[in-house]
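Examination of the molecular architecture
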Amino acid sequence: ACVIEHPDIPDNHAGHRVVAGLDWALSEDFTVLTILCADCGAVVDWWRANRMDFTMQRAFIVDKVRAWHAILLPERNSIGAPNIEMLIQANLTVERGVDGGAGFNTTASTKAGLIHRLATGIEKGELKAPREYADELRAYEVTVTTTNPKFSAPSGQHDDRVISLALAWWAAVGQDTWYMI
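Residues numbered from 1 in each chain as written. Predicted model: local features only at pLDDT ≥ 70, side-chain atom pairs only at ≥ 80, totals over all residues. Heavy atoms only, no water.

**Observations regarding the sheet that holds strand β2 (residues 18–23)**
Spatial strand order, β4-β3-β2-β5: four strands in an open sheet with mixed pairing. Edge strands, defined here as strands with exactly one partner in the open sheet, are β4 (42–49) and β5 (71–74). For this sheet the average axis-to-axis angle between neighbouring strands, irrespective of direction, equals 15°. As judged from the seven bridges shared by strand β3 (residues 31–37) and β4, these two strands associate in the antiparallel manner. Bridged to L36 within β4 is V43. The sheet contacts of helix α1 (residues 54–68) involve β2, β3, β4 and β5, and relative to β4 the element is tilted by about 165°. (Pairing = 2+ DSSP bridges. Helix = DSSP H or I, 4+ residues; strand = E, 2+ residues; numbered from the N terminus. Axes fitted to C-alpha atoms, helices over the stretch in contact; angles between N-to-C directions. Contact = heavy atoms within 4.5 Å.)

Listed below in structure tokens is the structure:
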């Protein structure tokens, strides 16, 4: 599934439905924006940053999302909520999560559905991603517990590209097929 070498340009997807997934971070992890053409089932652009203040991050995000005329589905947890408010004030279209709030609130149960939907899209060959996402996707794991399965990157590794891609795919496929596993 990870076969895309270079970002595309918006003109090649004029008239298509374009969505974006956003995983926020500030210092240890990376903020990752993944832009996906829902009509083509392919990532068309992406951006990754680390140790960049949120004001600067939002400026890059706003520019990219506007250039693509994308609908954005950002992760809402902790640092996401105030940043989402500012993206809405910048007139970006922000998708609502399963709970009706702006952005996707990741919990143990919603994360399971999010990752399952991403895995299904990849397994069915419906989704193409950048080659640089491959290592994170391969390393991503589920740990079975007595309560909820735990979805994450192995200790010391990152899952930011995985979550950003999963959010973009969620926005592309739509919430009507959401379910918990």
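Moving on from the coordinates now.
**Some details on the packing of α1 against helix α2 (residues 80–89)**
At a minimum axis distance of 11 Å, the contact between α1 and α2 shows a crossing angle of 45°. Classified by the angle between their axes, α1 and α2 sit oblique to one another. Where α1 crosses over α2, the handedness of that crossing is right-handed. Across the interface between the two elements, F54, R58, I61 and V62 of α1 pack against N83, M86 and L87 of α2. Residues belonging to the contact of α1 with α2 are distributed by class as follows: five nonpolar, one polar and one charged. (Parallel < 35°, antiparallel > 145°, perpendicular 65-115°, else oblique. Left-handed = near helix turned anticlockwise from the far one by under 90°. Nonpolar A, V, L, I, M, F, W, Y, C, P; charged D, E, K, R; others polar.)

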